[in-house]
Amino acid sequence: MKKCFWTLFCSILTVLVHAQSDRQILLETKNSALLLSVGANQRVTQSYFGKKLAPADYALLKGGREVYLTAGMENQNEPAIRIVHADGNPSLELQYVSHKTTSGGDSSTTSILLRDPQYPFEVTLYYTLYYNEDVIKAWTEIRNNEKKPVQLTAYASSLLHFNADAYWLTQFHGDWAREMNMVEEQLTNGIKTLESKLGTRSNFYQTQTFFVSINKPSTETEGELIAGSLNWTGNFKYNFEVDQRNGLRVISGINPYASNYNLQPSETFTTPAFLFTWSGHGKGEASRNLHHWARNYGVMDGNGSRMVLLNNWEATGMNFNEARLVELFGEAKKLGADLFLLDDGWFGNKYPRDNDKAGLGDWQEDKKKLPSGLGYLVNEAEKQGVKFGIWLEPEMVNPKSELYEKHPDWILKLPNRPENYGRNQLVLDLTNPKVQDFVYSIVDEMLTKTPRIAFIKWDCNRSMTNTYSAYLGSNQSHLYIEYTRGFYKVMDRLRAKYPSLPIMLCSGGGGRTDYGALKYFTEFWPSDNTDPLDRIYIQWGYSYFFPANTITAHITGMGKQSLKYKTDVAMMGKMGYDIRTNNFTPQELQFSEEAVKTYKRISPVIWRGDLYRLVSPYEKNRAVLMYVSKDQNQAILFNYHLNSTRSDVFGKVSLQGLDPKKRYRIKEINLFPGTKSVIADNDKVFTGEYLLQVGLALSARTTPLTSNVYELTVEP
Ligand code: DGJ
């Protein structure tokens, strides 16, 4: 009803306000406020950012630091923007011209136009407010109205100021198969930078997600903080600068490294959006805000359903043929999976893709492995009752390929230098529209020829070196930016034609996990490490910023833990399989068939419920988390023991997110055949109040690498 009202009456509400001194621009979400002021000198400052205040209080807040600090004038700290005008003047002053707010649906966008008083050069700051989600998206348009090109050497999406006693930064870094390691440290004076220069798989070593806690480290439930993430699938840079007076500036945007941008007359440079949320109640609330936003706005089909799939990468590698695949379709069906996903190794004829040294770029079925083609496989899969999906890595090429032989000019490589390989491959030059057409046509032709392909896994197995584009000529410093824009152009075209095809974002594990890409993708592959013990940490890390329906988690042969443990760990995300089930014992098979049924039943709560992280694996030898349905009538609770020892004490865990007035029955689910719950509270009924205050004893013993899944259902 509320949405309807807004759509009908506020679809386009535009308020144009002319320059006036001491004017305030108040940007409010449900719980937070960002207050900007226009000073007598027409500079725009950030007067306040934090918890929403009573309306009268805002009038007391004046002045502050400039909201989009420029270089070359009086500012000597890190700028948000630095340009060199056409006449060589390396300074920029930005004065307020006007601002307007456009509302539509449940969000509103305020834009603030700024102009240099001496040069026809403009910057427009944009803030989209997602009121109910408490999320703000900030970005900038930079426009050159001068007669000659202007050089941009820094062009941030956003700058936020904080004034507190201390600041704590939580970052997430890693490596291949070691993604999302969380580290929290106090920021000291000077600049701490988090960045990527990797181009394609931009967040391989460092993800573009972070928390900054204000005054003291925040916990899951307490503390003031922001969570931030740049919606950009290329090089990013965050500067966290604590200045002489202990003020903190957080500058977020594309990494200007090797990327000076020549802005032509009448050209507008649009930065990617920086997404952030403020929380006054710790990291848990910040995560839930981002999850709500992601499902409603940030992820392709974010509120939709997902398929349980059986992938063959861990099970067969590239060593398969038609008969083996058809056998696997049967295994997928028996398991209850919805889809079989054929991974790497299905293509290439002159240079068959039998290992990672050849074939990449030649997207025709390998006639030896798959003589009857993809159409046959789709039919066979469907005959057995499962859908068929396929792996692609369309941005890359092996030197041993027909594509390399035919189009050497389509590949990023340096003149007069030997080629530098990563996984024996090179990166195609996606800045070139012909290459964009080629990448688009790989997918389009495949889906036109075999329209019932029901899923794609889009991989990207190397970062960028050889950074020279034959297409860009003298504009080489645009390469990193144009590559990412080229990727988005391809995805825009694909999504225009195939709006609902589920596509998994993958990058040799979790090298690409950002909201710039996720608007085109339904889910992502977090890591090639599927050992469930490691996965608890990896998935825990991603859960701070991404909802469970995007975090794919497959049960594989990796790790020596029980199948029950592996399955319980996969269930906390978007569960799937990558394992030969014909090696299972009858009990394991029975367990897995039931697990798939259980998962399908409870997944709406996991995918669309609210996440509460209760016990962190970073603090204890166990991890406990729960998802609660929106109506608070159902919850799923996961309890994982890590390498626990007898000296560990696993006390009661107070639950969160439940309605204190409701009564809940606790049931342990996903038990292995022939076993019973040994938890004393199993199948008992408690009030929400009791569960929130007293909690539950979730672990009967401290046995390492064991786990439990509980379902809480409201009693009538
Ligand atoms: C890297 C991915 O992360 C794996 O899951 C698999 O698809 C391989 N690439 C295939 O080359």
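Residues numbered from 1 in each chain as written. Predicted model: local features only at pLDDT ≥ 70, side-chain atom pairs only at ≥ 80, totals over all residues. Heavy atoms only, no water.

In this section: the site of the ligand. Surrounding the ligand, one finds 13 residues, the nearest of these being Asp343, Asp344, Lys457, Asp459 and Asp528. Take aspartate 528: an N or O atom from its side chain is 2.4 Å from an oxygen atom of the ligand. Protein contacts shield 97% of the accessible area of the ligand, which totals 300 Å² for the unbound molecule. In the shell around the ligand, the residues fall into four nonpolar, three polar and six charged. (Near = heavy atom within 4 Å. Polar contact = N/O pair within 3.5 Å; in protein donor to acceptor, adjacent residues only side chain to side chain. Areas by Shrake-Rupley, 256 points an atom, 1.4 Å probe, with all protein chains shown as cover. Nonpolar A, V, L, I, M, F, W, Y, C, P; charged D, E, K, R; others polar.)

Summed over all chains, the structure comprises 49 aromatic pairs. When the ring of phenylalanine 274 is compared with that of phenylalanine 276, the centres are 5.4 Å apart and the planes differ by 20°; the resulting orientation is stacked. For the pair formed by phenylalanine 274 and phenylalanine 276, the shared burial category is buried. Ring geometry for tyrosine 488 against tyrosine 520: centres 5.9 Å apart, planes inclined by 35°, an arrangement best described as tilted. Of this pair, tyrosine 488 sits in helix H8 (residues 479-497) while tyrosine 520 sits in the loop between helix H9 (515-518) and strand S30 (523-524); the two residues are 32 residues apart in sequence, bridging distant segments of the chain. Residue classification places tyrosine 488 among the buried residues on the basis of a relative accessible area of 12%. Owing to a relative accessible area of 3%, tyrosine 520 belongs among the buried residues under this scheme. One aromatic cluster in this structure is built from Phe49, Phe162, Phe210, Phe236, Tyr238, Phe240, Phe274 and Phe276. Its end group placed over the ring of phenylalanine 204, arginine 201 keeps NZ or CZ at 3.9 Å from the ring centre. (Phe/Tyr/Trp six-rings, centres within 6.5 Å; stacked < 30°, edge-to-face > 60°. Buried < 20%, exposed > 50% of the residue type's maximum accessible area, 1.4 Å probe, protein only. Helix = DSSP H or I, 4+ residues; strand = E, 2+ residues; numbered from the N terminus. Lys NZ or Arg CZ within 6 Å of the ring centre and 35° of its normal.)

Topologically, glutamate 93 is positioned in the loop between strand S6 (81-84) and strand S7 (95-104). At 3.0 Å, the side chain of glutamate 93 and the side chain of arginine 43 are in polar contact.

What follows deals with the confidence of the model for the chain. Confidence in the prediction for the chain averages 96 pLDDT; 97% of positions are at 70 or higher. Within the model, the stretch residues 1-20 combines pLDDT values under 50 with 37 contacts to residues more than four positions away or in other chains. (pLDDT = per-residue confidence, 0-100. Contact = heavy atoms within 4.5 Å.)

This paragraph deals with the pattern of salt bridges. Considering all chains together, one arrives at 36 salt bridges under this definition. The partner of aspartate 243 in a salt bridge is arginine 65, and the shortest N-O contact between them spans 3.3 Å. Note that aspartate 243 is positioned in the loop between strand S18 (236-242) and strand S19 (247-254) and arginine 65 in strand S5 (residues 65-66), a separation of 178 residues in sequence. The salt bridge partner of arginine 485 is glutamate 482, with a shortest N-O separation of 2.9 Å. One end of the pair is arginine 485 and the other is glutamate 482, both in helix H8 and three residues apart, which spans about a single turn. One network of salt bridges, in which partners are shared, links Arg43, Glu66, Glu74 and Glu93. (Salt bridge = Lys/Arg side-chain N within 4 Å of Asp/Glu carboxyl O.)

Next up on the list: the packing of helix H10 (residues 532-543) against helix H11 (residues 563-571). It is at 10 Å that the axes of H10 and H11 come closest, and there the two elements cross at 15°. By the angle between their axes, H10 is roughly parallel relative to H11. As H10 packs across H11, the resulting crossing turns out to be left-handed. Contact residues: H10 offers Pro532, Leu533, Arg535, Ile536 and Gln539, while H11 offers Tyr565, Lys566 and Val569. (Axes fitted to C-alpha atoms, helices over the stretch in contact; angles between N-to-C directions. Parallel < 35°, antiparallel > 145°, perpendicular 65-115°, else oblique. Left-handed = near helix turned anticlockwise from the far one by under 90°.)

Spatial strand order, S33-S34-S35-S38-S36-S37: six strands in an open sheet with antiparallel pairing. The open sheet is flanked by strand S33 (610-615) and strand S37 (685-687), the only strands paired with a single partner. Here the strands of the sheet are splayed against their neighbours by 25° on average, with no regard to which way each runs. Strands in contact with H10 are S33, strand S34 (622-628) and strand S35 (634-641); relative to S33, the strand with the most contacts, it is inclined by about 130°. The strands touched by helix H12 (residues 586-608) are S33, S34, S35, strand S36 (663-669) and strand S38 (707-714); relative to S35, the strand with the most contacts, the crossing angle is about 95°. (Pairing = 2+ DSSP bridges.)

Here the focus is the sheet that holds S18. Overall, antiparallel pairing links the four strands, which are arranged S12-S19-S18-S15 in an open sheet. Each end of this open sheet is capped by a strand with a single partner; those strands are strand S12 (158-163) and strand S15 (190-195). Each adjacent strand pair in this sheet contributes to an overall mean axis angle of 15°, direction not counted. Across six bridges, the pairing between S12 and S19 is antiparallel.

Relative to the helices and strands, arginine 665 is located in strand S36. Between the C-alpha atoms of arginine 665 and tyrosine 96, which are 569 residues apart in sequence, the distance is 59 Å. Leaving out residues up to four positions away in the same chain, arginine 665 has contacts with Asp683, Lys684, Val685, Glu711, Leu712, Thr713 and Glu715. In terms of polar contacts, arginine 665 uses its side chain to reach the backbone carbonyl oxygen of aspartate 683, at 3.0 Å.

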